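Tertiary structure, described
Okay, here's what each chain looks like letter by letter:
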Amino acid sequence: RLLSVIFGIGSIYILYIIGRRFSFLTALLSSAFFAVSFLHVKYSQLFLPFSGMIFFSLLSVYFAIKFLDDSDYEKDALLSTVCSVFSASMSYIG
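Residues numbered from 1 in each chain as written. Predicted model: local features only at pLDDT ≥ 70, side-chain atom pairs only at ≥ 80, totals over all residues. Heavy atoms only, no water.

Concerning helix α4 (residues 50-69)
Convention followed: Numbering goes from the N terminus for both helices and strands, where a helix is a DSSP run of H or I of at least four residues and a strand is a run of E of at least two. What a helix is expected to span follows from its residue count: subtract one and scale by 1.5 Å. Partly exposed describes any residue whose relative accessible area lies between the buried limit of under 20% and the exposed limit of over 50%, with all areas from a 1.4 Å probe on protein chains only and scaled to the type maximum. Working rule for contacts: check all heavy atoms of both residues, and any pair within 4.5 Å makes them a contact.
With 20 residues, α4 extends 29 Å from end C-alpha to end C-alpha; this agrees with the ideal 28 Å at 1.5 Å per step. Taken together, the buried positions of α4 are occupied by Ser-51, Gly-52, Met-53, Phe-55, Phe-56, Leu-58, Leu-59, Ser-60, Tyr-62 and Phe-63. Contacts made by the buried residues of α4 are with α1 (2-20), α2 (24-35), α3 (38-45) and α5 (74-89).

Structure, rendered in structure tokens:
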């Protein structure tokens, strides 16, 4: 269960970083609403692959936004793809 909690806390932090690329208020509100979201709290308490899927999906979105802003770095596109594959492989229904 500790791994699900770590993925859940990491998801809140990654969402804050994504929102910070837009504005401080966006980052604060999005991470606050996500932190008290019923399903996010429930999936972070249980040992289910959904918290890992959300974490890697958000990480993939972060690297994709970073790649689109700074298109000089192909590393970000590769990291986005790797995180997407990890997210898809976390569960058979994902």
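Regarding the side chain of Ser-4
Within the fold, Ser-4 resides in helix α1. Once you skip the residues sitting within four places of it in the chain, Ser-4 turns out to touch Tyr-43, Ser-44, Leu-46, Phe-47, Leu-48 and Ser-51.

Structural notes on the pattern of salt bridges
Pairing between side chains of opposite charge can happen when their charged atoms approach one another. Rule in force here: Here, a salt bridge means any Lys or Arg side-chain nitrogen found within 4 Å of an Asp or Glu carboxyl oxygen.
All chains considered together, the criterion is met by 1 salt bridge. In this structure, Arg-21 and Asp-69 form a salt bridge, with 2.8 Å as the shortest nitrogen-oxygen distance. Here Arg-21, found in the loop between α1 and α2, pairs with Asp-69, found in helix α4; they are 48 residues apart in sequence, far enough to count as distant. The exposure class of Arg-21 is partly exposed, given its relative accessible area of 34%.

Some words on the nonpolar core
Rule in force here: Working definition of a nonpolar core: buried Ala, Val, Leu, Ile, Met, Phe, Trp, Tyr and Cys residues. They are joined through side-chain atoms within 4.5 Å.
Residues Phe-7, Ile-14, Leu-15, Ile-18, Phe-34, Phe-55, Phe-56, Leu-58, Leu-59, Tyr-62, Phe-63 and Cys-83 constitute the largest nonpolar core, which totals 12 residues. At the level of secondary structure, the elements contributing two or more residues to this core comprise α1 and α4. The element best represented in this core is α4, accounting for 6 residues. Those residues in contact with Ile-14, other than ones at most four positions away along the chain, are Phe-55, Leu-58, Leu-59 and Tyr-62.

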